[in-house]
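Coordinates in review
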Amino acid sequence: MTKIQLHFNGNFSLKKEEIKRILNAASETEGLKDTLQNLMEKTGLGNAKVGKIKTWSVRAGLIKDNYLSPEGKIVLKHDPNLQSIITDWLMHFYLSFGNQGLNKIPENPADWGGWTYFVYTFLPQNLTFTKNTLDKNSISIFEEPDQVISQRMKYILRAYTEQQALANCQFIKEIKSDYYESGNPNLPNSYLIGYLLAKLWQRDFGQETSVLTEEIIKQKMGILPVLGIQPESLQQHLNAIESLGIIEQRRTVAPYQIIRRWDNPLTLLEKAYVNH
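Residues numbered from 1 in each chain as written. Predicted model: local features only at pLDDT ≥ 70, side-chain atom pairs only at ≥ 80, totals over all residues. Heavy atoms only, no water.

**Thoughts on helix α8 (residues 146–161)**
Counted only if it meets this: Strands are runs of DSSP state E lasting at least two residues, helices are runs of H or I lasting at least four, and both sets are numbered from the N terminus onward. Each helix should span, by expectation, one fewer than its residue count multiplied by 1.5 Å. A simple rule labels every residue: compare its accessible area, found with a 1.4 Å probe on the protein chains alone, to the largest value its type can have, and call it buried under 20%, exposed over 50%, or partly exposed in between.
The end-to-end C-alpha distance of α8 is 23 Å, a good match for the 22 Å that 16 residues give at a rise of 1.5 Å each. Of the residues making up α8, those classed as buried are Ile-149, Arg-152, Met-153, Tyr-155, Ile-156, Leu-157, Ala-159 and Tyr-160.

Here it is as structure tokens:
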């Protein structure tokens, strides 16, 4: 049995407007190392809230060591109000790894908690589901009391369905009360998909210059589940990324290969905003 690791937010749901305030504070000289009193004044967030919204921002990949992460700097520069779908997908990408980021992946996604389990195990097996199904599945895996698990999983669902959070991704949609579907996301542009591919490549293949296309398709906790797409639609995205010079594909004879042509993933993130 494993821990759900979804207590980081207390009782505060994901609101980009609040994360924006944390990012602004993090961009100042003191960053988030400032006194609690000063941070409360700068952000307008209450005593109980400041730390929790900071943790949302860290898990979303925008804050590192009390300052803006390299990604966070690009976000604040190009999308200071966090309105872009590029930002939504970026946050979803990092949130999907719990608090582990791009570390070497675990044997079982659930080892990294409820969010990782939801994105990489539950959704690929349940394109439509009810809250009840999600709860039952989660209760069989995580060791907290049933009621606590049900309550904590709700914050994931809210993050993907509330307009003030990541609803624009349409990673999952609430069709009717407590009934959800996935598999038809509102995808970002090819530069951002290139960035995600590059970061996952870095994690699993390091400095390799070429990888079999099949390995990308089968990559555990890889590009397919994080985008919420099926293997058959990946090729069109690879073609689009290739047309931008991000990768090159060898498809004359099997096994097909992908050759990396990017230098720095952050350049692709920057281009994702510039070309949005």
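Now that the structure is up, let's keep going.
**Topic: the packing of helix α6 (residues 114–125) against α8**
Where we set the bar: Lines are fitted to the C-alpha atoms to define the axes, a helix being fitted only along its stretch in contact, and any angle between axes, read from their N-to-C directions, falls within 0 to 180 degrees. Any angle between 65 and 115 degrees counts as roughly perpendicular, while under 35 counts as roughly parallel, over 145 as roughly antiparallel, and the rest as oblique. Put simply, a crossing is left-handed when the front helix is turned counterclockwise from the back one by less than a right angle, and right-handed when it is turned clockwise. Residues count as neighbours in contact if any of their non-hydrogen atoms are within 4.5 Å of one another. Three categories are distinguished: nonpolar for Ala, Val, Leu, Ile, Met, Phe, Trp, Tyr, Cys and Pro, charged for Asp, Glu, Lys and Arg, and polar for the others, with Gly belonging to the last.
The N-to-C vectors of α6 and α8 enclose an angle of 60°; their axes lie 9 Å apart at closest approach. On the basis of their axis angle, the class for α6 and α8 is oblique. Between α6 and α8 lies a crossing whose hand is right-handed. Contacts between α6 and α8 pair Gly-114, Trp-115, Tyr-117, Phe-118 and Val-119 from the former with Met-153, Ile-156, Leu-157, Ala-159 and Tyr-160 from the latter. Residues that form the contact of α6 with α8 fall into these classes: nine nonpolar, one polar and no charged.

**Quick look at the sheet that holds strand β4 (residues 172–176)**
Our working rule: DSSP calls a pair of strands paired once it identifies at least 2 bridges connecting them.
The strand order β3-β5-β4 describes an open sheet built from three strands, whose pairing is antiparallel. Of all strands in the sheet, those bounded by a partner on one side alone are β3 (128–130) and β4. Pairs of neighbouring strands in the sheet enclose a mean axial angle of 30°, with direction left out of account. Relative to strand β5 (residues 179–182), β3 runs antiparallel, the two being bridged by three bridges. Bridge pairing links Thr-130 to Tyr-179 in β5. In the packing of α6 onto the sheet, contacts are made with β3, β4 and β5, and the angle to β3 comes to roughly 110°. Across the face of the sheet, helix α7 (residues 131–139) comes into contact with β3 and β5 while running at roughly 80° to β3.

**Looking at the environment of Asn-11**
Here Asn-11 is to be found in the segment before α1 (16–26). As a C-alpha pair, Asn-11 and Gly-206 span 195 residues in sequence and 38 Å in three-dimensional space. Not counting residues within four places of it along the chain, the set of residues in contact with Asn-11 comprises Gln-151, Arg-152 and Tyr-155.

**Re the pattern of salt bridges**
A side chain of one charge can pair with a side chain of the opposite charge when the charged atoms of the two come close. This is how it is decided: The term salt bridge refers to a side-chain nitrogen of Lys or Arg lying within 4 Å of a carboxyl oxygen of Asp or Glu.
What the rule picks out here adds up to 13 salt bridges. Measuring nitrogen to oxygen at the nearest pair gives 3.2 Å for the salt bridge that ties Lys-3 to Glu-143. Separated by 140 residues along the polypeptide, Lys-3 in the segment before α1 and Glu-143 in the loop between α7 and α8 bring together distant segments of the chain. On the basis of relative accessibility, which here comes to 38%, the residue Glu-143 falls in the partly exposed class. Arg-261 serves as the salt-bridge partner of Glu-248, at 2.6 Å between the closest nitrogen and oxygen. Pair noted here: Glu-248 is in strand β7 (residues 247–250) and Arg-261 is in the loop between β8 (257–260) and α13 (265–274), with a separation of 13 residues, a long-range link. Among the residues examined, Glu-248 registers a relative accessible area of 25% and is labelled partly exposed. Through salt bridges with shared partners, one network takes in Glu-28, Asp-34 and Lys-42.

**Structural notes on the packing of aromatic side chains**
Quick reminder of the rule: By convention, a stacked pair of Phe, Tyr or Trp rings (six-membered ring in the case of Trp) has centres within 6.5 Å and planes under 30 degrees apart, an edge-to-face pair has planes over 60 apart, and any other such pair is tilted. Whether a charge lies above a ring is judged from NZ of Lys or CZ of Arg, which has to be within 6 Å of the ring centre and within 35 degrees of the ring normal.
Enumeration according to the criterion identifies 17 aromatic pairs in this entry. Aromatic pair Trp-89 and Phe-171: ring centres 6.2 Å apart, planes at 90°, arrangement edge-to-face. Residue Trp-89 is found in helix α5 (residues 85–95), and its partner Phe-171 is found in the loop between α8 and β4; the two are separated by 82 residues along the sequence. The exposure class assigned to Trp-89 is buried, which follows from its relative accessible area of 0%. Pairing Phe-129 with Tyr-180 gives two aromatic rings, centres 5.3 Å apart and planes at 15°, and the pair type is stacked. Residue Phe-129 is found in strand β3, and its partner Tyr-180 is found in strand β5; the two are separated by 51 residues along the sequence. A residue is classified by how much of its surface remains accessible, and Tyr-180, at 5% relative accessible area, is buried. By the ring-pair criterion, three or more aromatic residues cluster together here, those being Phe-8, Trp-56, Trp-89, Trp-115, Tyr-117, Phe-118, Phe-122, Phe-129, Phe-142, Tyr-160, Phe-171 and Tyr-180. Just above the ring of Tyr-179 sits the side chain of Lys-176; from NZ or CZ to the centre is 5.2 Å.

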